[in-house]
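# Results of the structural survey
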Amino acid sequence: MRTHSVPTCFSVLALVLVLAACAPVHDDVPLAVSPQPSAAQAPATDETDPQVIGNVRQLSYTGLRAGEAYFNRDGTQLIYQSEREDKNPFYQIYTLNLLSGKIDRVSPGQGKTTCSWFHPDGERALFSSTHQDPRLQEKVKEEYEARRNPQKNRYSWSFDEEFKIYEKNLKSGKLKLLTPEHGYNAEGSYSPDGRLIAFASNRNAYAHPETLTAEDQKLFSQDPSYMMDIYIMNADGSNVRQLTDVRGYDGGPFFSPDGRKITWRRFAPNGQSAEIYTMNLDGSEQKALTKIKAMSWAPFFHPSGDYLIFTTNTQGYANFELYIVDAEGKHEPVRVSHIPEFDGLPVFHPNGREIVWTHKTEKGDGQLFRADWDDAKARALLALPPAQAAAIRVGQFSSVNKPLEISPQSVQQTVDYLAQPEFAGRLTGSEQEARIARELSSVFQQIGLSPVGENGGYLASFPFTSQVDLGPQTRAAWSFGEPGKPAWSELETGKDFVPLSFSRTGTAKGGVVFAGYGLVAPATEKLEAFDSYAHTDVKGKWALILRDIPENLPADKRVELLYFSRLQNKVQTAAQKGAVGVLVVSDKIAPLHFEGASTALSLPVIGVSKELADKLLASTGRNLAQWTEVLDTGTTQAAEIKTREKEVLVDANIDLIWTRSTGNNVVGELKVPGAKETVVIGAHLDHLGHGEFGSSLAKDEEKGQIHPGADDNASGVAGVLALAHQLAAETQAGLIHPQRNIIFALWSGEELGLLGSTHWVRNFAASHGGKNAEKIVANINLDMIGRYQGKLQVQGLGSAKEWKGLFEKAALQTPVNLILQDDPYLPSDSMAFYLENIPTVMFFTGAHGEYHTPRDVASLINAQGEADVLNLVRRTLDELGASHGGKPLPITYAKAESSRGQMEGRSFRVYLGTIPDYTQEAVKGVLLSGTTKNSPAEKAGLAGNDVIVELAGLKIENLYDYVYALQTLKANKETQIKVLRKGEAKEFAITPEAKE
């Protein structure tokens, strides 16, 4: 047996251990009373230790005795041994569903059994059994006769040579023999990945007795554990390797959480003591973690891998207590239990916050007990640093004491993990994003969701443009010479110039006009009309412009001009003025940098050095610094760069190579037999990386730093994972019976324009069987739910007529303060669903000053607040999945009005109500996803899939053209808009409205 084996030949080891027969233990046993320590050497004091173990409760009651329990991967079940069969006196193996309380026997029901373990896939389990022993009935009879004897012998474990390890398929019931070799083969456990089994065996003594000395043979005949060693094999029983080869009992092997180490306990050859050891999987680096010189055994790793818990009797011969030791054995072991009588075989719940162990009272029986575990206090006792972000484990979302409670700790653990520096801000298409997607796929599999991705998996990829590089044909030259007789000087790429990533490719040639800041802005109450091109003609020429806006304007005027200062907007202004290209003066010529534009602009755009700008401006009589000083006053002077005898020309060819990358959604489904409808709950897993592109709001001193995205949106991912585990486990346990399928989705590409969710929802029917696909009736979106400060915004309720009533009812049943909002036109993944006529609701705890900055860190998460929010989301899912008169609650799509201008941006003052498709690529014009209800666009007759190609007489080739055109419109003044509808040109009259 793995951990409470007792060699019969040594009187000191004739321990009255876990499982002596007696009456059940009740909750009124004084478990919190600490006995006085004995004179035996103790590695730590007991009276001053913090309370690491708390809330102790009994877990098993039935049967003569029970013990040695181990969790499945997600912590919702235990597999353990118990004596409870009327016709068999020996242990049998059982599983206990911690959600439903259901107990099932796994072993055959005959013979001796011990040492069980769940496979990580949850579909198999292993245990050791003697049910095929030809002398089985004889041994049963002998055992019953021994128990009728009024004079009881001390309990000792049987190292029966008929023990063999079996694998049980928990679905089919099929048994598979893994160790046919003669001898005691037991104490097996799977590796975390399920590929290996570590176990203990004395097979060599039976197979090769000639290798034993006379003394070995004598001791082995007295106690079979004397020749026990640790072995490892593949999970199918093949490729068996021996890891230890010393006299004395090596047993009870367990893998470390990362699967790289094995821990076990080694008895001295004389059986007088045992210590805790670790080693590598090949048997190398065998290292003693304890040197207590007592009976130390049953070691088990904490899920963090930083320390182990074990049992030892330093407090007295019969008083076994629980101790911890760090994984390197650098700190003296520390006592953590203070309970009368025997305590042993401790194991951690996968969440690392609870333990289960075997407790034997003075009455003599043993049963399973459970308690809360304080990891922080345990670390303090061992002088270990605070817990680091650990990989997401399914078990972190469940609890023994309160099954599947959504705990603040599980929320915080997930956010800590995703927001750690190692993942570099989770940029869409990055190596880190792909790794996270793979790990989350594994979590979905462990939870038990069905895959909804590609090729039978959970990943649902999508293509997008992620990078741009200079092509070999990129070149530029300038000339200052006689008209018609230019003397060309080649410019050096990367020193004199560099194309910008949103530049149009191809050639351009012409003279140069200095257009100052390149700004055009209409008059407002605070600003006169501003036009950098008012005094010159740029048609057929390059426009040389400065970045930003004039420095010395009053603050209110600067704010007004900021609306028009975006570089892409300036380029489109130049294009509308007829320029052939734009030269942008740059403080420093940096390498070509991808700025996230999905489509190229309509002009070549080149960044030029200050030195080249001075050369180009020489004929104007002012250098760059002098021109800047003049222009900063707000003047709109401009100058064509030439003299009577000479002119300046620029000739360039832009060659850019665009790179396509792949982003990764993670999608799994809780399938309900017979269900014809589906609810999708999702959150985006990507963020801004180092702020390379997207909408970073980093301060100057923060530029280039990692944007952790703890609230945006590791908090939402934590919520989806917790809810997926909760609902899947309760459904599998038969505690709930949803009426609709539930798809759990983690989107990528949200920060680049809802790329992942848009791609997925548009392809859902095809990936789900086309016309026969389940209908998506609702989408729930969790985006930034980690900073609850007294108000939870429930948004998008105007998308279905039933939402408002549902959440009015929910508001009466939750301590969370709800702010109900109708507008479904939201800049998050819910928009992708609403534009496909799917009702949506989004949960959002509000904006904050750390949004889209390197300061959005995990330590600022309100984990308790998020747990409260998720309990509300759970009730929403219950309402959507519950039966209402035999049918699920109907959710009816409604087209809603929008907060004006939200989807069209804030850099203009009129409102049309168009919803551009920000995922469009290779579209000439602006593709519309739809229009908002009662908007000018809807009234004019525009619709989804229209492509705007002209507005107010201005040609529209891309989103930047459209933004420029919107800025020229006036409220309540009718204008014309042209679109392509299924390839056919159509023109509509549209009347912009003032943005409120």
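The rules we used
- Residues numbered from 1 in each chain as written.
- Predicted model: local features only at pLDDT ≥ 70, side-chain atom pairs only at ≥ 80, totals over all residues.
- Heavy atoms only, no water.
- Helix = DSSP H or I, 4+ residues; strand = E, 2+ residues; numbered from the N terminus.
- Contact = heavy atoms within 4.5 Å.
- Areas by Shrake-Rupley, 256 points an atom, 1.4 Å probe, with all protein chains shown as cover.
- Pairing = 2+ DSSP bridges.
- Axes fitted to C-alpha atoms, helices over the stretch in contact; angles between N-to-C directions.
- Phe/Tyr/Trp six-rings, centres within 6.5 Å; stacked < 30°, edge-to-face > 60°.
- Buried < 20%, exposed > 50% of the residue type's maximum accessible area, 1.4 Å probe, protein only.
- Lys NZ or Arg CZ within 6 Å of the ring centre and 35° of its normal.
- 1 Å grid on protein atoms, 1.4 Å probe; cavity = no way out; pocket = protein on both sides within 12 Å on 5 of 7 lines; lining within 4 Å.
- Points joined across faces, edges and corners; volume = space filled by probe spheres on them.
- Nonpolar A, V, L, I, M, F, W, Y, C, P; charged D, E, K, R; others polar.
- pLDDT = per-residue confidence, 0-100.
- Parallel < 35°, antiparallel > 145°, perpendicular 65-115°, else oblique.
- Salt bridge = Lys/Arg side-chain N within 4 Å of Asp/Glu carboxyl O.
- Core = buried A, V, L, I, M, F, W, Y, C linked by side-chain atoms within 4.5 Å.

## Concerning the overall build of the protein chain
Counting secondary structure elements, the protein chain contains 18 helices and 54 strands. Taking contacts inside the protein chain between residues at least 6 apart in sequence as the whole, the part at least 24 apart equals 67%. Carbon and sulfur atoms make up 49% of the accessible area of the protein chain, which amounts to about 39700 Å² in all.

## A closer look at the sheet that holds strand β23 (residues 354-360)
One open sheet holds the 4 strands; their spatial order is β1-β24-β23-β22, and the pairing between them is antiparallel. In this open sheet, the two strands that pair with only one neighbour each are β1 (53-58) and β22 (342-348). Geometrically, the sheet is characterised by an average inter-axis angle of 30° between neighbouring strands, direction not taken into account.

## A closer look at the packing of aromatic side chains
Describing an aromatic ring pair means giving the distance of the ring centres and the angle of the ring planes. Enumeration according to the criterion identifies 35 aromatic pairs in this entry. A centroid spacing of 5.3 Å and a plane angle of 85° characterise the contact between Phe159 and Tyr249, whose relative ring orientation is edge-to-face. Pair noted here: Phe159 is in the loop between α1 (136-148) and β8 (164-169) and Tyr249 is in the loop between β13 (241-242) and β14 (250-255), with a separation of 90 residues, a long-range link. The pair Phe159 / Tyr249 is uniform in exposure class, with both members buried. Taken together, a centroid distance of 5.1 Å and an interplanar angle of 80° make the contact between Phe348 and Trp373 edge-to-face. Here the residue Phe348 occupies a position in strand β22, and Trp373 occupies one in strand β24 (residues 366-373), the gap between them amounting to 25 residues. Side by side, Phe348 and Trp373 carry an identical accessibility label, which is buried. Three or more aromatic residues joined by ring pairs form one cluster here, namely Phe159, Phe163, Tyr184, Tyr249 and Phe267. In this arrangement the basic side chain of Lys112 is found over the ring face of Phe90, its NZ or CZ atom lying 5.4 Å from the centre. If you follow Arg266 out to its NZ or CZ, it ends over the ring of Tyr277, 4.9 Å from the centre.

## Section: the sheet that holds β8
One open sheet holds the 4 strands; their spatial order is β6-β7-β8-β9, and the pairing between them is antiparallel. Taken across any chain shown, the strands that pair with only one partner, and hence form the sheet edges, are β6 (113-118) and β9 (175-177). For this sheet the average axis-to-axis angle between neighbouring strands, irrespective of direction, equals 25°.

## Description of the side chain of Asn280
For Asn280, the position within the fold is in strand β16 (residues 274-280). Relative accessible area serves as the criterion here: at 16%, Asn280 is assigned to the buried category. Residues contacting Asn280, with those up to four places away along its chain left out, are Arg260, Lys261 and Glu285.

## Digging into empty space enclosed by the protein
As enumerated under the stated definition, the model contains 3 cavities of 30 Å³ or more in all. If you trace the largest cavity, you find it lined by Ala476, Leu491, Phe497, Leu583, Ile606, Val608, Leu612, Leu616 and Val650. Of all the secondary structure elements, the ones that give two or more residues to the lining of the largest cavity are β35 (605-609) and α9 (610-617). Partitioned by chemical class, the residues of the lining of the largest cavity number 9 nonpolar, no polar and no charged.

## What about the environment of Lys293?
Here Lys293 is to be found in the loop between β17 (287-288) and β18 (297-301). Put simply, Lys293 and Ala274 are 19 residues apart on the chain and 6.9 Å apart in space, counted from C-alpha to C-alpha. Ignoring sequence-local partners within four residues, the contact set of Lys293 consists of Ser273 and Glu275.

## Focus on the pairing of strand β37 (residues 647-654)
Of all 8 residues in β37, 7 are buried; the element is thus mostly enclosed. In the sheet, strand β27 (residues 475-481) pairs with β37 via 7 bridges, with the strands oriented antiparallel. Paired with Gly481 across the strands is Glu647, a residue of β37. As judged from the 6 bridges shared by strand β30 (residues 506-514) and β37, these two strands associate in the antiparallel manner. Paired with Thr507 across the two strands is Asn653, which belongs to β37.

## Quick word on the confidence of the model for the protein chain
Here the protein chain averages 85 in pLDDT, and 88% of its residues register 70 or above. Segment residues 1-48: pLDDT under 50, and 167 contacts once partners within four positions in sequence are set aside and those in other chains are kept. Contacts from residues 900-907, a stretch scored under 50 in pLDDT, to residues over four places away or in other chains number 30 contacts.

## Comments concerning the packing of helix α5 (residues 408-418) against helix α16 (residues 863-881)
Close contact between α5 and α16 brings their axes to 8 Å; oriented N to C, the two are set at 110°. Taken together, the axes of α5 and α16 lie roughly perpendicular to each other. Note on element contacts: α16 touches α5 through Ala863, Gln864, Glu866, Ala867 and Leu870, opposite Pro408, Val411 and Gln412. Considering only residue class, the contact of α5 with α16 consists of 5 nonpolar, 2 polar and 1 charged.

## Looking at the environment of Ala534
With respect to the helices, strands and loops of the structure, Ala534 is situated in the loop between β32 (530-531) and β33 (542-545). Assessed through its relative accessible area of 48%, Ala534 is described here as partly exposed. Ala534 sits 19 residues away from Ala515 along the chain, and the two C-alpha atoms are 9.2 Å apart.

## Some thoughts on the environment of Ala389
By the secondary structure assignment, Ala389 is in the loop between α4 (375-381) and α5. Through-space distance from the C-alpha of Ala389 to that of Ser304 is 9.1 Å; in sequence the pair is 85 residues apart.

## Description of the pattern of salt bridges
Applying the stated criterion across every chain, the model contains 43 salt bridges. The shortest N-O distance in the salt bridge between Arg266 and Asp250 comes to 2.9 Å. Placement of the pair is Arg266 in strand β15 (residues 261-267) and Asp250 in strand β14, with a sequence separation of 16 residues. On the accessibility criterion, Asp250 (0% relative accessible area) is buried. Taken together, the shared-partner salt bridges in this structure form one network comprising Lys112, Asp133, Lys139 and Asp160.

## Here we look at the nonpolar core
Soluble globular proteins tend to bury their nonpolar side chains together. Judged by nonpolar contacts, the single largest core of 69 residues is most densely connected at Ile681, Phe744, Leu782, Trp803 and Phe843. Ranked by the residues each element gives to this core, the list is headed by helix α11 (residues 710-732), at 11 residues. Counting residues in each nonpolar core, the second largest holds 51 residues, with Phe118, Leu126, Ile339 and Ile355 among its members.

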